[in-house]
Structures are given as C-alpha cells and as structure tokens.
Amino acid sequence: MAMWDRLKDQAKNLQQSQGSRGSGGQGQAPHGQGQAPYGQGQRGGHGSGSSSGGSKAQLVGLLKSQLASVKTELKSGAYRDASMAMCALVAAADGHVEQAERQRVEELIVSNEVLQNFPADQLRQRFNKHLDQLIANFELGKAEALREIAKAAKKPAEARAVIQTGIVVAGADGHFEQSEQFAIRDACAALGLSPTEFGV
C-alpha cells in the first residue's frame, strides 16, 4: 500500500499546484472533498481488496487527468516512440505476454486520450515491435526499449509523461506486479527521473 500512498500524495500535490496555477485556487475545493474516499478505502481496503482497487483506479484517473492537461505538448515522435516502448516494457515485465493481454494493452493505448494525438496504426506498430523483441529475447528487447525511452529525456515534461503513460496503461488492471515496478524504475533511470516521484 505504501507505494500507492506515495503516488497518491504525488498526484495530489501535482493537482493542487496545477489547480492553484490555473484557476486562482478555485480548483482546490473539489480536490479537498475528494480525499475522504481515499481514507475510507484504505481503512476498509486491506481485507477485501476491492476498495483498495478503487483507490488505485482513482489514482490512475488522476494520472490520466494530469496527462490530459499537457496533451497539447505531447505531440512529438520522441514521446510517441518512448511511450510505446514503455507500454511494451511494462506489459512484458513478467517475461511472458498472452494474446489477450497484448490486445487489452493495445486497446488501452489506442483509446488513451493523450495518445490519440497519433494515428492508431503508428502506435500499434511500435508497441508490437517492442513487444515482439521482448518476447523473443527479453534482455535485448529491454535494452532496445530503454534506448527508445531515453530519447524522451531531453524534455522533462515529455519524460514524466512517458512514465505516467506506462503507469496508466499498466495500472489499468488495478494492481502493480513487482516486475512492473522494476520496469518503471528502469525507465526512470533511463530518463534521469527519480522513481520515488512516481512512488516506485
């Protein structure tokens, strides 16, 4: 749970700074009201798992809205290529990918609001290329994916968005595997970002 607590705090702080910057502080009121469900979810969530899943879904929603707020800046080929490499790396993090998983992630990619800046065919082609490389030879595929991810390091906003995109796509199933956390850490290292910023 600690990872999600940290991530939630990071998302909350980011949202507050965006809210106060963008709307003279008006944006903070609904945010304050929104904190109660988190607390309830965590107190009641350890046993059932369902309410903690709910808070993760809320967190992924928060990251999505952060990405949407910088959508107009995320139109470069570097962001597109790096985020597809990131999604493939996370999808294949446990070393195997079923066809159903591949299709699920593909659907999440092409329906993602920010990634709709790009033609779906371009996204699918790049995602599948990296996934195929990872399945054929994980270490080589991983090195190739991290090389692609590192190209987004020049612009910090894009670099963060690449990690957020990976978390949104990987976290859509409501939980992070250990292997997915490691993949996100590797990508942070490639981009020169601190993994603690994303709670991993």
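What counts, and at which threshold
- Residues numbered from 1 in each chain as written.
- Predicted model: local features only at pLDDT ≥ 70, side-chain atom pairs only at ≥ 80, totals over all residues.
- Heavy atoms only, no water.
- Helix = DSSP H or I, 4+ residues; strand = E, 2+ residues; numbered from the N terminus.
- Buried < 20%, exposed > 50% of the residue type's maximum accessible area, 1.4 Å probe, protein only.
- Contact = heavy atoms within 4.5 Å.
- Areas by Shrake-Rupley, 256 points an atom, 1.4 Å probe, with all protein chains shown as cover.
- Core = buried A, V, L, I, M, F, W, Y, C linked by side-chain atoms within 4.5 Å.
- pLDDT = per-residue confidence, 0-100.
- Expected span 1.5 Å × (residues − 1).
- Axes fitted to C-alpha atoms, helices over the stretch in contact; angles between N-to-C directions.
- Parallel < 35°, antiparallel > 145°, perpendicular 65-115°, else oblique.
- Left-handed = near helix turned anticlockwise from the far one by under 90°.
- Nonpolar A, V, L, I, M, F, W, Y, C, P; charged D, E, K, R; others polar.

**Describing the overall build of the protein**
Phase 1 of the analysis: Check the secondary structure of the protein and you find 10 helices and zero strands.
Phase 2 of the analysis: Listing the helices and strands of the protein from first to last along the sequence gives α-α-α-α-α-α-α-α-α-α.
Phase 3 of the analysis: Residues classed as buried in the protein amount to 43% of the 200 residues present.
Phase 4 of the analysis: Put simply, 74% of the contacts in the protein that link residues at least 6 apart link residues at least 24 apart.
Phase 5 of the analysis: Counting only carbon and sulfur atoms, one obtains 51% of the accessible surface of the protein, whose full area is about 9300 Å².

**Details of the nonpolar core**
Phase 1 of the analysis: Grouped together as the largest cluster of nonpolar side chains are 45 residues, with contacts concentrated most on Ile109, Phe127, Ile149 and Ile163.
Phase 2 of the analysis: Sorting the residues of this core by element identifies helix H4 (50-69), helix H5 (77-91), helix H6 (99-111), helix H7 (120-136), helix H8 (138-150), helix H9 (156-170) and helix H10 (178-191) as the ones contributing at least two each.
Phase 3 of the analysis: At 10 residues, H5 tops the list of elements feeding residues into this core.
Phase 4 of the analysis: In contact with Phe127, other than residues within four places in its own chain, are Met84, Cys87, Ala88, Ala91, Arg102, Val105, Glu106 and Ile109.

**As for the environment of Leu193**
Phase 1 of the analysis: The residue Leu193 is located in the segment after H10 in this model.
Phase 2 of the analysis: Spatially, the C-alpha atom of Leu193 lies 7.8 Å from that of Arg160, the residues being 33 residues apart in sequence.

**A short note on the confidence of the model for the protein**
Phase 1 of the analysis: Of the residues in the protein, 67% have a pLDDT of 70 or more, and the chain-wide mean is 77.
Phase 2 of the analysis: The secondary-structure element of the protein with the lowest mean pLDDT is helix H3 (residues 35-48), recorded at 39, while H8 shows the highest, at 96.
Phase 3 of the analysis: Overall, residues 18-53 carries pLDDT values under 50, and its contacts beyond four positions in sequence, including any with other chains, amount to 29 contacts.

**Some points on H5**
Phase 1 of the analysis: A rise of 1.5 Å per residue sets the reference length of H5, with its 15 residues, at 21 Å; its end C-alpha atoms lie 21 Å apart and thus fit the reference within 8%.
Phase 2 of the analysis: When you tally the buried positions in H5, you get 13 out of 15 residues, the bulk of the element.

**Here's the deal with the packing of H5 against H10**
Phase 1 of the analysis: Direction vectors running N to C along H5 and H10 enclose 150 degrees, while the axes themselves pass 8 Å from each other. Judged by the inter-axis angle, H5 sits roughly antiparallel to H10. Considering how the two elements wind past one another, H5 and H10 form a crossing that is right-handed. Seen from H5, the contacting residues are Met86, Leu89 and Val90; seen from H10, they are Glu180, Ala183, Ile184 and Ala187.
Phase 2 of the analysis: Tallied by class, residues from the contact of H5 with H10 come to six nonpolar, no polar and one charged.

**Some thoughts on H7**
Phase 1 of the analysis: If you check H7, its first and last C-alpha atoms are 24 Å apart, about what 17 residues at 1.5 Å a residue would give, namely 24 Å.
Phase 2 of the analysis: Residues of H7 that are buried make contact with H5, H6 and H8.

**Points about the environment of Pro195**
Phase 1 of the analysis: Its location among the elements puts Pro195 in the segment after H10.
Phase 2 of the analysis: In this structure the C-alpha to C-alpha distance between Pro195 and Ile184, which are 11 residues apart in sequence, comes to 7.5 Å.

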